[in-house]
Amino acid sequence: MAKILEVKYEHQADARVCEVAHKSQADLCWHEVHYPAQASGDAIWFMVAYANQATFKVLRVKHASLADLKIFKVATPEEAGWNTKDHLLIGRLGK
């Protein structure tokens, strides 16, 4: 299950992410859930407050060229998933 922590400093992050404007630009479309048990795989995220709760830590960057992963938030879990089928981070977010 993907328990994601947003960190403030690059040295704390597992990856740099950039929220892109369009679904078609994203490597990963993700959906946020309200309970940890609802999180699954790489694309269904539960946001946590502490590092010891996280399966993956991200640093948000402003420009896609600086990102390891381009993401787009979707409204439903059915829309969530990888657009880039051979991305290096597949299987790492939800450990």
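Residues numbered from 1 in each chain as written. Predicted model: local features only at pLDDT ≥ 70, side-chain atom pairs only at ≥ 80, totals over all residues. Heavy atoms only, no water.

K.L.:
Please clarify how the overall build of the protein chain should be interpreted in this entry.
P.N.:
In terms of regular secondary structure, the protein chain is built from zero helices and seven strands. Ordering the α and β elements of the protein chain from the N terminus gives β-β-β-β-β-β-β. A compact globule built from 95 residues would reach a C-alpha radius of gyration of about 12 Å, and the protein chain, at 12 Å, matches this within 12%. A principal-axis box enclosing the C-alpha atoms of the protein chain has dimensions of 30 × 30 × 20 Å. Considering the protein chain as a whole, with its 95 residues, one finds that 42% of them fall into the buried category. Total accessible area on the protein chain stands at roughly 5,700 Å², and carbon and sulfur atoms take up 52% of it. Taking the average place of the 12 positive charges on the side chains of the protein chain and the average place of its 11 negative ones, the gap between the two points comes to 4 Å. (Helix = DSSP H or I, 4+ residues; strand = E, 2+ residues; numbered from the N terminus. Rg over C-alpha atoms; globule rule 2.2 N^0.38 Å. Buried < 20%, exposed > 50% of the residue type's maximum accessible area, 1.4 Å probe, protein only. Areas by Shrake-Rupley, 256 points an atom, 1.4 Å probe, with all protein chains shown as cover. Lys, Arg positive; Asp, Glu negative; His and termini not counted. Charge placed at Lys NZ, Arg CZ, Asp CG, Glu CD.)

K.L.:
Would you mind going over the pattern of salt bridges with me for this structure?
P.N.:
Think of it this way: side chains of opposite charge can pair up when their charged atoms draw near. Summed over all chains, the structure comprises six salt bridges. The salt bridge partner of arginine 60 is glutamate 6, with a shortest N-O separation of 3.0 Å. Placement of the pair is arginine 60 in strand S5 (residues 56–60) and glutamate 6 in strand S1 (residues 2–6), with a sequence separation of 54 residues. Using a relative accessible area of 40% as the deciding quantity, one classes glutamate 6 as partly exposed. A single network of salt bridges, built from pairs that share partners, joins Glu6, Glu19 and Arg60. (Salt bridge = Lys/Arg side-chain N within 4 Å of Asp/Glu carboxyl O.)

K.L.:
Explain the environment of leucine 59 to me, please; I cannot follow it from the model alone.
P.N.:
Note that leucine 59 resides in strand S5. Here the alpha-carbon distance between leucine 59 and glutamate 10, two residues 49 residues apart in the chain, equals 6.2 Å. Setting aside residues no more than four positions away along its own chain, leucine 59 makes contact with Val7, Lys8, Tyr9, Glu10, Ala13, Ala15, Arg16 and Val17. (Contact = heavy atoms within 4.5 Å.)

K.L.:
Whenever I open this one, the side chain of threonine 55 confuses me. Can you help?
P.N.:
Tracing the backbone through its elements, the reader meets threonine 55 in the loop between strand S4 (44–47) and S5. Only 2.7 Å separates the side chain of threonine 55 from the backbone oxygen of leucine 93, close enough to count as a polar contact. Here threonine 55 is in contact with Met1, Ala2, Lys3, Asp14, Arg92, Leu93, Gly94 and Lys95, once residues within four sequence places are set aside. (Polar contact = N/O pair within 3.5 Å; in protein donor to acceptor, adjacent residues only side chain to side chain.)

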